[in-house]
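# Coordinate analysis (summary)
Okay, here's what each chain looks like letter by letter:
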Amino acid sequence: MSSTPADERSPTSPESAAARMPVPLGEALYTLRAIRRFRPEPLPDEALRTILEAATRAPSCGNSQGWRFVVVRDRARIEAFAPLYREAWWAKRREVGIHSVEDFPAGHRVMPHAHDLAEHFTEVPALVLLCATERGPDAEPCVVPAAQHLLLAARGLGIGGTITTLHPVVEERVHDLFGVPPGAQIVYCIPLGYPATPFGAVRRRPLGEVVAEERWDAPARWAEDAARSS
Ligand SMILES: Cc1cc2nc3c(=O)[nH]c(=O)nc-3n(C[C@H](O)[C@H](O)[C@H](O)COP(=O)(O)O)c2cc1C
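### Focus on the overall build of the chain
Across its full length, the chain holds 9 helices and 4 strands. Secondary structure elements in the chain, listed N-terminal to C-terminal, are α-α-α-β-α-α-β-α-β-α-β-α-α. For the chain, whose C-alpha radius of gyration is 19 Å, the value lies close to the compact-globule estimate of 17 Å for 230 residues. Overall, the C-alpha framework of the chain stretches about 55 × 50 × 35 Å when taken along its three principal axes.

Listed below in structure tokens is the structure:
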């Protein structure tokens, strides 16, 4: 049986990590809303340390840990990045035929908020670029679980954020700005800060609609019951 080498063990014990995160896991899971508006307070080193350490506890392919987390708090750098984030956001919208705010689908719950983040990115207290240290189709999925660990740990400390993606149109300039080598890949850009909007229960489709039992098209009765009672 292999054991974890001492230098790969976290200096933080599971017990002290739990003590540092006062929000219980169940509450964190069910209230992990995307936060896109932030209070201006900066994020302390200690909070970032806890969040990033938790992110590195995530699983990866064969425990390859092919990730690098570029944490950015420097105001000048965030201000230089904000127009690139906005450009990337609109590049993604144009790909689906949206060229202006007037084209937003009526009643869309997410787009106005995502647009708001793109318009106010200069106000983000911190951002984390979750990078894969290699490029290619296998590298990206190997680091994805770290994003959720990161956001859950942040939630545990009362800090919010959301996963966002960039767009190839800005890739070279973003790599230059943050010194990301060409052989690495920015997978997600995660703004972080103390929330200006509340955490709260997330809206999701009922369980019975998305869970099957044994076969794709066979309903899971227990899942339907759970949906009714929630
Ligand atoms: C892979 C991925 C990409 C996302 N990209 C963006 C993005 O570019 N901009 C943004 O504001 N939110 C982005 N989100 C956040 C989603 O819009 C958000 O998680 C979803 O609307 C659910 O919101 P809720 O958790 O507040 O209910 C992304 C989420 C995922 C998982």
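From this point, the narrative continues.
### Here's the deal with the pairing of strand S2 (residues 126-132)
Counting buried positions along S2 gives 7 out of 7 residues, so the element sits mostly inside the fold. Here S2 shows two buried faces, one formed by Ala126, Val128, Leu130 and Ala132 and the other by Leu127, Leu129 and Cys131. Sheet analysis places strand S1 (residues 67-72) next to S2, joined by 6 bridges and oriented antiparallel. Within S2, the position partnered with Val72 by the bridge is Leu127. Inspection of the sheet shows S2 paired to strand S4 (residues 185-193) by 7 bridges, in the antiparallel sense. Pairing of Ala132 across the sheet is with Gln185, part of S4.

### What to know about the site of the ligand
Surveying the vicinity of the ligand reveals the residues Arg33, Ala34, Arg36, Val110, Ala114, Leu117, Thr162, Ile163, Thr164, Thr165, Val202 and Arg203. A breakdown of the residues in the shell around the ligand according to their chemical character gives 6 nonpolar, 3 polar and 3 charged.

### Observations concerning the environment of Ala114
Tracing the chain through its elements places Ala114 in helix H5 (residues 111-119). In this structure the C-alpha to C-alpha distance between Ala114 and Ile35, which are 79 residues apart in sequence, comes to 9.8 Å.

### Observations regarding the sheet that holds S4
The strand order S1-S2-S4-S3 describes an open sheet built from 4 strands, whose pairing is antiparallel. Unpaired on one side and paired on the other, S1 and strand S3 (160-161) mark the two borders of the sheet. Packing of helix H6 (residues 139-156) onto the sheet brings it into contact with S1, S2, S3 and S4, and relative to S4 it is tilted by some 5 degrees.

### Concerning the nonpolar core
The nonpolar side chains of soluble globular proteins are, as a tendency, buried together. Counting residues in hydrophobic clusters, the biggest one holds 42 residues, and the most contacted among them are Ile51, Leu127, Leu130, Leu150, Ala154, Cys189 and Ile190. Put simply, the parts of the chain that give this core at least two residues each are helix H3 (45-55), helix H4 (75-95), H5, S2, H6, helix H7 (168-178) and S4. Examining the composition of this core, we find that 9 residues originate from one element, H6, more than from any other. Discounting chain neighbours no more than four positions away, the residues touching Leu150 are Ile51, Ala54, Ala55, Val128 and Ile190.

### Details of H6
The complete set of buried residues in H6 reads Ala139, Cys142, Val143, Ala146, Ala147, Leu150, Leu151, Ala153, Ala154, Arg155 and Gly156. Considering only its buried residues, H6 is in contact with helix H2 (25-30), H3, S1, S2, S3 and S4.

### Comments concerning the packing of H4 against H5
Geometry of a packed helix pair, given as the angle between the helix axes and the separation of the axes. Where H4 meets H5, the axes come as close as 8 Å, and the angle between the chain directions of the two elements is 150 degrees. Compared by their axis directions, H4 and H5 come out roughly antiparallel. Mapping the contact onto sequence places Tyr85, Arg86 and Trp89 in H4 and Ala114, Ala118 and Glu119 in H5. In the contact of H4 with H5, the residues fall into 4 nonpolar, no polar and 2 charged.

### A closer look at H3
Every buried residue of H3 is listed here: Leu48, Thr50, Ile51, Ala54 and Ala55. The buried residues of H3 all sit within an arc of 160 degrees when viewed along its axis, so they share a single face. Across from the buried face of H3, at angles greater than 90 degrees, the exposed residues are Asp45 and Glu46. Turning to H3, the residues buried within the fold contact helix H1 (14-20), S1 and H6.

Rules and cut-offs
Residues numbered from 1 in each chain as written. Predicted model: local features only at pLDDT ≥ 70, side-chain atom pairs only at ≥ 80, totals over all residues. Helix = DSSP H or I, 4+ residues; strand = E, 2+ residues; numbered from the N terminus. Rg over C-alpha atoms; globule rule 2.2 N^0.38 Å. Buried ≥ 20, exposed ≤ 12 C-beta atoms within 10 Å, placed from the backbone. Pairing = 2+ DSSP bridges. Near = placed C-beta within 6 Å. Nonpolar A, V, L, I, M, F, W, Y, C, P; charged D, E, K, R; others polar. Contact = placed C-beta atoms within 7 Å. Axes fitted to C-alpha atoms, helices over the stretch in contact; angles between N-to-C directions. Core = buried A, V, L, I, M, F, W, Y, C linked by C-beta atoms within 7 Å. Parallel < 35°, antiparallel > 145°, perpendicular 65-115°, else oblique. Arc of directions from axis to C-beta.

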